[in-house]
Amino acid sequence: MRIGVYGAGQMGAAHVRHFSAVPGTTVVGVADADEQRARSAAAAIGATPCPDLDTLLELRPDAVVIVVPNIHHAAASIAALERGVDVFCEKPMATTVEDARRVLRTVERTGCLYQLGFNRRFAPVYIGVRELLTGGVGVFSGTMKMNDGDMRTPAWFSDPKISGGFMYDTAIHLLDLGRWLLGPVQEVRCLARSSCYPDQDDAVMLLRFTSGALVAFSTCGHATWTAPLERVEFFGDHAAIVTEGFERLTYTPARDQPAVTRDFSAFPVPERLGYAQEVRVFIEAMGRGQAGGPTAEDALRAVEFVAACYRSAATDGAPVRLVPYQLDR
Ligand SMILES: NC(=O)c1ccc[n+]([C@@H]2O[C@H](COP(=O)([O-])OP(=O)(O)OC[C@H]3O[C@@H](n4cnc5c(N)ncnc54)[C@H](O)[C@@H]3O)[C@@H](O)[C@H]2O)c1
């Protein structure tokens, strides 16, 4: 497979490595508005440096990997899809529900493959949680938290005109994870405030899932890199599932039964965070011509989820029911 990478920043450079590591896959070009970044990322694997997406698409890649700042994701995805090129896009799919719907409709009309970079769905720690849930552990309530990063690295993270807003950038990962583990969300209540940045960098939510599960989620963008950066605790019938970052999963099955802990900290980072797996799944899906990872619909649902959180925050925590966009199927 011939891959073009659009964006050569911290994540773009990482994806150049992840894609280059898949047998039978060649990164043919790397594009970035910053010429030096494009050149050094391309030189590392003998690819062609490009100044923009059009030039990258002229190299006729089978797929492009979109790793530019969030505000550009929808337009870049649509431009590639319209040229018949498959898309692997970093989160979020878009920074408005309307743009996310446009991307989804383009995916459906062109028949191209689209996968979103929700890497947590491939991380061993969360696959372990999902196996417990599909194995029959029911969840009544829980808590999730995320304090991933510092909104200064890179600087545009703290500018909602580029990021779409903190919740579109970072919280979206755990919101999608919540949906993937517990199913659709029925109702959101969200309080948010601006603490250290002009953007709302603290948010606290109450989530009611269609299953009946109740989850409290808190997230902030100013605790820097204090571990664990994220944590999930789910509670069932005298049972508990607790994760600490990508490193540990502890399961207590019932009263008077010992907790069992699985430790993933020895896994190399690309495997522990699911990056290597999501990229392999995408390449395999291209070979089959059939989606294998998080789809355009999953990506739209996550954008709708974030939009509902912002709507609730705008009304000081009033409940917002999620009404998913009806797909023409
Ligand atoms: N899944 C994850 O764990 C994860 C982690 C980090 C970042 N991301 C996502 O990856 C994307 C990139 O984030 P990053 O941390 O690499 O940011 P970054 O700032 O390090 O890199 C972005 C790159 O895009 C380039 N760029 C900006 N505007 C451009 C344009 N119009 N045309 C071409 N190039 C342009 C910049 O020069 C920069 O090199 C974001 O969407 C972010 O949400 C995902």
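None of the values given here were measured: they were computed from a predicted structure.

(A) Examining the nonpolar core more closely. Counting residues in each nonpolar core, the largest one holds 97 residues, and the members touching the most others are Y6, V30, V65, V87, V306 and C309. Here the element with the most residues in this core is helix α11 (residues 296-314); it accounts for eleven residues. A domain split of this core shows at least three residues from each of domain 1 (2-119 + 283-294) and domain 2 (120-275 + 303-321).

(B) Up close: the site of the ligand. As a matter of local geometry, the ligand sits amid 22 residues, with G9, M11, A33, E90 and P154 nearest to it. In terms of residue count, the dominant contributor to the shell around the ligand is helix α1 (residues 10-20) (three residues). Looking at side-chain class alone, the shell around the ligand contains eight nonpolar, eight polar and six charged residues. Taken together, domain 1 (2-119 + 283-294) and domain 2 (120-275 + 303-321) each give at least three residues to the shell around the ligand, which thus spans both.

(C) Region of interest: the sheet that holds strand β4 (residues 63-66). Overall, parallel pairing links the six strands, which are arranged β3-β2-β1-β4-β5-β6 in an open sheet. Each having just a single partner strand, β3 (48-50) and β6 (114-116) make up the two edges of the open sheet. Strand after strand, the sheet turns through a mean of 20° between neighbouring axes, direction not considered. Where strand β1 (residues 2-6) lies against strand β2 (residues 26-31), five bridges are found, and the strand directions are parallel. Residue pairing in the sheet places Y6 in a bridge with A31 of β2.

(D) Expanded view of the pairing of strand β8 (residues 185-193). Sheet analysis places β8 next to strand β9 (residues 202-209), joined by eight bridges and oriented antiparallel. What sits directly across from R189, in β9, is L206. Pairing analysis gives two bridges linking β8 to strand β15 (residues 320-321), with the strands arranged antiparallel. Following the sheet pairing, E187 is matched in β15 by R321.

(E) Summary view of the sheet that holds strand β12 (residues 240-244). Across the sheet, which stays open at both edges, the nine strands sit in the order β14-β13-β12-β11-β7-β10-β9-β8-β15 with mixed pairing between neighbours. Both outer strands of the open sheet, β14 (260-263) and β15, are each paired with one neighbouring strand and no more. As defined by bridge partners, strand β11 (residues 230-235) adjoins β12 across five bridges and the pair is classed as antiparallel. Within β12, the position partnered with E233 by the bridge is V242. The sheet contacts of helix α8 (residues 166-182) involve β7 (141-146), β8, β9, β10 (214-220) and β11, and relative to β7 the element is tilted by about 155°. Across the sheet, α11 touches β8, β9 and β15, and the angle it forms with β8 is around 55°.

(F) Main features of the environment of P294. For P294, the position within the fold is in the loop between α10 (275-288) and α11. On the basis of neighbour counts, which here come to 27 C-beta atoms within 10 Å, the residue P294 falls in the buried class. Along the primary structure P294 and A155 are separated by 139 residues, whereas in three dimensions their C-alpha atoms are 28 Å apart. Setting aside its immediate chain neighbours within four residues, P294 contacts Q115, L116, F118, R121 and A299.

(G) Structural context of the pairing of β2. Most of β2 is tucked away, with five of its six residues classed as buried. The parallel pair β1 and β2 is bridged by α1, and the resulting crossover is right-handed. Here β2 pairs with β3 via three bridges, running parallel. By the bridge assignment for β3, A31 is matched with C50. As for the winding sense of the linkage, the β-α-β connection from β2 through helix α2 (residues 35-43) to β3 is right-handed.

Rules used throughout
Residues numbered from 1 in each chain as written. Predicted model: local features only at pLDDT ≥ 70, side-chain atom pairs only at ≥ 80, totals over all residues. Core = buried A, V, L, I, M, F, W, Y, C linked by C-beta atoms within 7 Å. Buried ≥ 20, exposed ≤ 12 C-beta atoms within 10 Å, placed from the backbone. Helix = DSSP H or I, 4+ residues; strand = E, 2+ residues; numbered from the N terminus. Domains from an automatic or database assignment. Near = placed C-beta within 6 Å. Nonpolar A, V, L, I, M, F, W, Y, C, P; charged D, E, K, R; others polar. Pairing = 2+ DSSP bridges. Axes fitted to C-alpha atoms, helices over the stretch in contact; angles between N-to-C directions. Contact = placed C-beta atoms within 7 Å. Right-handed = clockwise from strand over helix to strand, strands pointing away.

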